[in-house]
Amino acid sequence: MNQYETVFILNPVLSETQVKETVKKFEDYLISKGAKMVSKEDWGLKKLAYPIQHKKSGFYHLFEFQVAGEAIEGYELEFRRDERVMRYLTVKLDKHAIAWAEKRRKRNNAKA
């Protein structure tokens, strides 16, 4: 199993309920493919560096998970099909990125 990280931006016109439903949809998809969720982060509504679909902000979310590589293609297909998602990026983490992600999680937990 490989470790991956996905950041996705949801449309800012969505209600809080719709955002939660969308996040739950993608989490459920991963779990159905046998993924182990390492962490989930809600970064909230943030201003975009440049407009996307004439929107200047979006709801950012981060998933860190472990899953077999075959599941990623279907996972990204779900992002492309969902009109609530403005952008997404999934990257495979190497050992250095995994160590950095652990430091980031510890730092965020200490702040909270």
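The preceding data block contains the structure.
Reading the values: the criteria
- Residues numbered from 1 in each chain as written.
- Predicted model: local features only at pLDDT ≥ 70, side-chain atom pairs only at ≥ 80, totals over all residues.
- Heavy atoms only, no water.
- Phe/Tyr/Trp six-rings, centres within 6.5 Å; stacked < 30°, edge-to-face > 60°.
- Helix = DSSP H or I, 4+ residues; strand = E, 2+ residues; numbered from the N terminus.
- Buried < 20%, exposed > 50% of the residue type's maximum accessible area, 1.4 Å probe, protein only.
- Contact = heavy atoms within 4.5 Å.
- Pairing = 2+ DSSP bridges.
- Axes fitted to C-alpha atoms, helices over the stretch in contact; angles between N-to-C directions.

**Considerations on the packing of aromatic side chains**
Evaluated as defined, the whole model comprises 11 aromatic pairs. On the numbers, 5.2 Å between centres and 50° between planes, the contact of Phe-8 with Phe-79 is tilted. Placement of Phe-8 in strand E1 (residues 2–10) and of Phe-79 in helix H2 (residues 71–81) is noted, with a sequence separation of 71 residues between them. For the pair formed by Phe-8 and Phe-79, the shared burial category is buried.

**Some points on the side chain of Thr-22**
Relative to the elements of secondary structure, Thr-22 occurs in helix H1 (residues 16–32). When its relative accessible area of 0% is taken as the criterion, Thr-22 is described as buried. With residues near it in sequence (within four places) discarded, Thr-22 still touches Leu-10, Asp-82 and Arg-84.

**Quick word on the sheet that holds E1**
With respect to topology, 4 strands assemble into an open sheet ordered E2-E3-E1-E4, the strand pairing being antiparallel. Of all strands in the sheet, those with a lone pairing partner are strand E2 (36–52) and strand E4 (85–92), marking the two edges. Shown here is a sheet whose adjacent strand axes are inclined to one another by a mean of 20°, direction ignored. As defined by bridge partners, E1 adjoins E4 across 7 bridges and the pair is classed as antiparallel. Each bridged residue has a counterpart across the sheet, and for Ile-9 the counterpart in E4 is Arg-87. Sheet strands touched by H1: E1, E2, strand E3 (55–67) and E4. Its angle to E3, the strand with the most contacts, is close to 25°. Contacting E1, E2 and E3, helix H3 (residues 95–111) runs over the sheet at an angle of about 85° to E2.

**Points about unusual backbone geometry**
Positive phi, close to 55°, is recorded for Gln-53, a residue that is not glycine. With respect to the helices and strands, the residue Gln-53 is situated in the loop between E2 and E3. Under the relative-accessibility criterion, Gln-53 is labelled partly exposed at 42%. A positive phi is found at His-54, a non-glycine position, where the angle reads about 65°. Inspection of the secondary structure assignment puts His-54 in the loop between E2 and E3. The class for His-54 is exposed, based on a relative accessible area of 80%.

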